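Listed here are the chains, written in short residue letters.
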Amino acid sequence: MSTTPQRPARTPRMPREERRRQLLRAAQQVFVAHGYHGAAMDEIAEVAQVSKPVLYQHFPGKRELYLALLDSHLENLTELLAQAIAGTQDNRQRVVDTIRAYYRFVSQDSQGHRMIFESDLMNDPDVGARLETFNARFAASIADVIAAETSVPHAQATLLGRALAGMAQVSARYWLELGNDVPLEEASELVARLAWRGISRFPKEN
């Protein structure tokens, strides 16, 4: 008596959002290793263990993939900073928490900070616009803290906000390059103390 051979069960397709996350993780590895210009869609597909058609179903090209990854990292960092600023009404603590958020981001985000602060696409209009929007929004949040604590006019407070944002970014990246010789909490507290001492020396709001 003959029997009809059964076909093997088909492997279920990965949900779209899960597949997208998988592709972004693979792209992260390739972009960090080679930079944008040195990365190739072939290698991204290979790292993700998918065919190129699957990759192109989700991202039309390398540039769109890069922008999606950049947006994801900027969203993560923005959320960390927003939580730091909204988490307390004490402005000194806001400065401490905000700078600490930068340090946590560079220590935990799997090299994502390099795509934000060391991108080899800085001159690309879409990349530049995204970074400027992020920097302007964060500097404005710090300017609000400065304005609440001092009698500094808005334009000057915004300039100081940009300066303090730069201090947080540069010091956090340098700290990471040191190999965490200084513990995260101690390093971020040192920089926050320097920043707050500067703010506190301005005349208070009457």
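Each chain has its residues counted from 1, running along the sequence as written. With the structure being a predicted model, the display of local features is reserved for residues of pLDDT at least 70 and the display and counting of side-chain atom pairs for 80 or more, all residues being used for whole-chain, interface and lining totals. Only hydrogens and water are set aside; all other atoms, that is, all heavy atoms of the structure, feed into the side-chain values.

As recorded by an unreviewed UniProt entry, the protein chain carries the name TetR family transcriptional regulator and is attributed to Zafaria cholistanensis.

Caption draft 1: Structural detail: the side chain of Ser 188. Elements are defined by DSSP. Helices are runs of H or I of four residues or more, strands are runs of E of two residues or more, and each kind is numbered from the N terminus. Secondary-structure assignment places Ser 188 in helix α9 (residues 184-200). Under the rule applied, a polar contact is a pair of N or O atoms within 3.5 Å (in protein, one hydrogen donor and one hydrogen acceptor; residues adjacent in sequence only if both atoms are side-chain atoms). Here the side chain of Ser 188 touches Arg 100 through a polar contact of 3.5 Å, side chain to side chain. When checking whether two residues touch, look at their non-hydrogen atoms; a contact exists if any pair is within 4.5 Å. The residues touching Ser 188, leaving out its near neighbours within four places in the chain, are Ile 99, Arg 100 and Tyr 103.

Caption draft 2: Main features of unusual backbone geometry. For Gln 49, which is not glycine, the phi dihedral falls at a positive 60 degrees. Positionally, Gln 49 belongs in the loop between α2 (41-48) and α3 (52-58). Exposure remark for Gln 49: the relative accessible area of 73% places this residue in the exposed category. When a residue's accessible area, from a 1.4 Å probe over protein chains only, is under 20% of the maximum for its type it is buried; when over 50% it is exposed; and in between it is partly exposed.

Caption draft 3: Representation of the nonpolar core within the structure. In this text, buried Ala, Val, Leu, Ile, Met, Phe, Trp, Tyr and Cys residues form a nonpolar core when linked through side-chain atoms within 4.5 Å. Core analysis: the biggest nonpolar cluster contains 59 residues, and Phe 31, Ile 44, Leu 65 and Tyr 102 have the highest contact counts within it. Of all the secondary-structure elements, those providing two or more residues to this core are α1 (16-38), α2, α4 (62-86), α5 (91-108), α6 (112-117), α7 (125-149), α8 (154-177) and α9. Take this core: its biggest share by element is ten residues, from α4. Where each domain begins and ends is defined by an automated method or by a domain database. Counting contributing residues, this core receives three or more from each of domain 1 (15-60) and domain 2 (70-197). Once you skip the residues sitting within four places of it in the chain, Leu 65 turns out to touch Leu 24, Ala 27, Phe 31, Met 41, Ile 44, Leu 55 and Phe 59.

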